[in-house]
Amino acid sequence: MAPRCWRWWHWSAWRRTRPPLPGSTPSRSRAPVGPDGCAGRPASAKCGGFQQWFSTQEQPPQICVVGSGPAGFYTAQHLLKHHPQAHVDIYEKQLVPFGLVRFGVAPDHPEVKNVINTFTQTARSARCAFRGNVVVGRDVAVPELRAAYHAVVLSYGAEDHRALEIPGEELPGVFSARAFVGWYNGLPENRELAPDLSCDTAVILGQGNVALDVARILLTPPEHLEKTDITEAALGVLRQSRVKTVWIVGRRGPLQVAFTIKELREMIQLPGTRPILDPADFLGLRDRIKEVPRPRKRLTELLLRTATEKPGTEDAARQAPASRAWGLRFLRSPQQVLPSPDGRRAAGIRLAVTRLEGVGEAARAVPTGDTEDLPCGLVLSSVGYKSRPIDPSVPFDPKLGVIPNMEGRVVDVPGLYCSGWVKRGPTGVIATTMTDSFLTGQMLLQDLKAGLLPPGPRPGYAAIEALLSSRGLGPMGPACLFLGLGEAGCRGSIPGQGCWEAPGEAAGSSGDAGAAGALSLDPSLAGTEGMLCRGEGPGSARGTLRHSCVACLPWHGALAASFPGPSACFPLAKGHPRQR
């Protein structure tokens, strides 16, 4: 059945902006100048210092942020808040914003995604524009951005994973946890992952929060996942999963695990599962945790209770009928992925037994010379993320995986800044990134005040739009439309992946949506195959947002809350040169 489409749209809740015409300088509303020469201030108000310098600039500073994850949006937020005339363009390689908040957070953790509400408020600003479907370093070079803007901030995060660098890593059945998370969250680049879950046992290498997220998704009953915003394609595969046991393996011991108590508690309370913890792994820990910081102490105490104490009545009742299990293996380091007899896929992993040298967080794992083989049909590597160099003109430290910088100022490149993981490495939580990004924004504004950035007007997006157009890359995509950030650029051939439905379904639904005209879409798109859908997929609960394939826009409740109907489909054009 073709998804239903409604013929009207509430636009009153969204502020609409239009990108400037090619070759023009974007016009910006300016506050009236009072008798004392201070913009936006009454004659009686004092005007001086930082605010005075900003408000007397002849040209609003044009600032470019590369990356629309937490680092990018927090940087933009700080700049817009502390400079009343600054204009910020946020460039993103995906069609939609929010980075790992959208594509990296587990679908059963909607509360973590609530920060999207804050980012949406920033994006609604008349001085902020989202430029989706632009790959900086490929579609446009960093020097070209620097020529168009007064300052450029690189906030593109850590989009790669750390390789295991062991034999057999290339075998089918071995995936990075990052790719697996992208797959079940609808990240377009991971839509073809196709993990085979027909095996009995999966092994996750790494003991951080991402490792526990992946284990939880593998073991959560599908009827629980149906209530989340997981992709329909991933849900279909997980419904057929035969994985019954998940081992979570770490090089070090219980005192060095990187996951937090919240994620551990969720695993312990996961319906239909039981934990497998060896009490021998925790011998002597009770005395050693007396002096450790409180969060580590509470976490270790929970591990100890789970491993050594008899479950309470409630836990015992939940675990008794459990058909699935998960366990922690400590002091084990991956040495080789073992192939199946025909050599065509992974069939196990060889682990080197380790011991610890040192104490506490600084302890390091040292091989003992012993090994053990653990049979499994699925290996997921969760040993960390890493950043990539974005452009030959930008310095990059491949060993640390960061852009060399001083408090966010890129070394030896005036006017170029960085924030987030590409600045400090893939560590910390969203709050850490917020503080880090605010600091970068503060450094940029200090340099602006000191006259260290290029003087005079800069064309900003108008110049970049002309460059992209000259390269046949066309409009920026429909993300601006869905976020209420403007309609221009969403007309005509709309680039994007789309949701490749059956032609009959697409033709019927697209025709309705195209005929409606409320979305400012070119009517010629009616009947094309590509579609973005928000609808009632199989198993959807009331109020649940679903989408029918990993290639389509993964709607989040915070964004879709203002859409009036239970489902909607929007046409996308096929064959655009930007289609990836």
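Our structure's up above, just so we're on the same page.
Residues numbered from 1 in each chain as written. Predicted model: local features only at pLDDT ≥ 70, side-chain atom pairs only at ≥ 80, totals over all residues. Heavy atoms only, no water.

> Can you help me understand the overall build of the protein in this one?
Of regular secondary structure, the protein possesses 19 helices and 20 strands. Per-residue burial for the protein yields a buried fraction of 54% across its 580 residues. Within the protein, contacts between residues at least 6 apart in sequence are counted, and of these 75% link residues at least 24 apart. Accessible surface, the protein: about 24600 Å² in total, of which carbon and sulfur atoms supply 54%. (Helix = DSSP H or I, 4+ residues; strand = E, 2+ residues; numbered from the N terminus. Buried < 20%, exposed > 50% of the residue type's maximum accessible area, 1.4 Å probe, protein only. Contact = heavy atoms within 4.5 Å. Areas by Shrake-Rupley, 256 points an atom, 1.4 Å probe, with all protein chains shown as cover.)

> Even after reading the chapter, I still don't get the sheet that holds strand β12 (residues 346-357), so can you show me in this structure?
What links the strands of a sheet is backbone hydrogen bonding, and the strands pair in either a parallel or an antiparallel sense. Read from one edge to the other, the open sheet built from three strands follows the order β11-β12-β13, with strand pairing classed as antiparallel. A single partner strand is all that each edge strand has here, and the edge strands are β11 (332-339) and β13 (364-375). Strand-to-strand twist in this sheet, taken as the mean axis angle between neighbours without regard to direction, amounts to 20°. Sheet topology note: the β11/β12 ladder contains seven bridges and is antiparallel. Note on β12: the bridge partner recorded for P334 is L351. (Pairing = 2+ DSSP bridges. Axes fitted to C-alpha atoms, helices over the stretch in contact; angles between N-to-C directions.)

> For this particular structure, what's the right way to read unusual backbone geometry?
Both trends apply: most residues other than glycine have a negative phi, and most peptide bonds are in trans. The phi torsion at E165 lies on the positive side, around 60°, for a residue other than glycine. Checked against the element boundaries, E165 lands in the loop between β5 (160-161) and β6 (174-176). Here A194, not a glycine, exhibits a phi torsion of approximately 50°, which is positive. What makes A194 exposed here is its relative accessible area of 59%.

> Help me understand a positive patch on the surface in this model?
Taken together, the side chains of R265, R286, R294, K297, R298 and R305 present a region of like positive charge at the surface. By residue number, the principal contributor to the positive patch is helix α12 (residues 294-308), which donates four residues. As for its placement among the helices and strands, R305 is situated in helix α12. Under the relative-accessibility criterion, R305 is labelled partly exposed at 39%. (Patch = residues over 30% accessible without salt bridge, like charges linked within 9 Å, V, L, I, M, F, W, Y side chains within 5 Å. Salt bridge = Lys/Arg side-chain N within 4 Å of Asp/Glu carboxyl O. Lys, Arg positive; Asp, Glu negative; His and termini not counted. Charge placed at Lys NZ, Arg CZ, Asp CG, Glu CD.)

> Help me out: how do you make sense of the pairing of strand β4 (residues 151-154) in this one?
Regular strands place side chains that alternate from one sheet face to the opposite one. The alternating pattern of β4 places A151 and V153 and V152 and L154 on opposite faces, both of which are buried. Both strand β1 (residues 62-66) and β4 contribute to a ladder of four bridges, which runs parallel. Paired with V65 across the two strands is V153, which belongs to β4. Across three bridges, the pairing between β4 and strand β18 (residues 416-418) is parallel. Within β18, the position partnered with V153 by the bridge is Y417.

> Sorry if this is basic, but what is going on with the environment of P107 here?
Secondary-structure assignment places P107 in the loop between α3 (99-103) and α4 (115-123). Separated by 110 residues in sequence, P107 and I217 have C-alpha atoms that sit 8.7 Å apart. Contacts of P107, omitting those with residues within four sequence positions, involve K113, Y184, N185, I217, T228, D229 and I230.

> Help me out: how do you make sense of the environment of R251 in this one?
Relative to the elements of secondary structure, R251 occurs in the loop between β8 (245-249) and α10 (261-268). You can call R251 partly exposed: its relative accessible area is 45%. Linking R251 and R332, residues 81 residues apart in sequence, is a C-alpha distance of 4.7 Å. The contacts of R251, once residues within four sequence positions are left out, are L331, R332, S333, T354 and A365.

> I would appreciate a short explanation of the side chain of T228 in the present structure.
Mapped onto the fold, T228 is located in the loop between α8 (222-225) and α9 (232-239). From its side chain, T228 meets the backbone oxygen of L225 in a polar contact 2.7 Å long. (Polar contact = N/O pair within 3.5 Å; in protein donor to acceptor, adjacent residues only side chain to side chain.)

> What is the right way to read the sheet that holds strand β7 (residues 201-205) from this model?
Taking strand neighbours across the sheet as the criterion, the six strands line up as β6-β14-β7-β8-β10-β9 in an open arrangement whose pairing is parallel. Each edge of the open sheet is held by one strand with a lone partner, namely β6 and β9 (273-276). Here the strands of the sheet are splayed against their neighbours by 20° on average, with no regard to which way each runs. Across four bridges, the pairing between β7 and strand β14 (residues 378-381) is parallel. Considered in β14, the bridge of A202 is made with L378.

> Help me understand the pattern of salt bridges in this model?
Think of it this way: side chains of opposite charge can pair up when their charged atoms draw near. Across all of its chains, the model carries 29 salt bridges by this definition. Salt-bridge contacts for K93 lead to E189; the nearest nitrogen and oxygen are separated by 3.4 Å. Of this pair, K93 sits in the loop between β2 (87-91) and α3 while E189 sits in the loop between α6 (177-185) and β7, and the two are 96 residues apart along the sequence. What makes E189 partly exposed here is its relative accessible area of 41%. Among the salt bridges present, the one from R409 reaches D447, with a minimum N-O distance of 3.0 Å. Residue R409 is found in strand β17 (residues 409-410), and its partner D447 is found in helix α15 (residues 430-449); the two are separated by 38 residues along the sequence. Judged by its relative accessible area of 25%, R409 falls in the partly exposed class. When its relative accessible area of 8% is taken as the criterion, D447 is described as buried. The structure contains a network of salt bridges with shared partners spanning K93, E159, D160, R178, E189 and R388.

The analysis is restricted to geometry; functional conclusions fall outside its scope.
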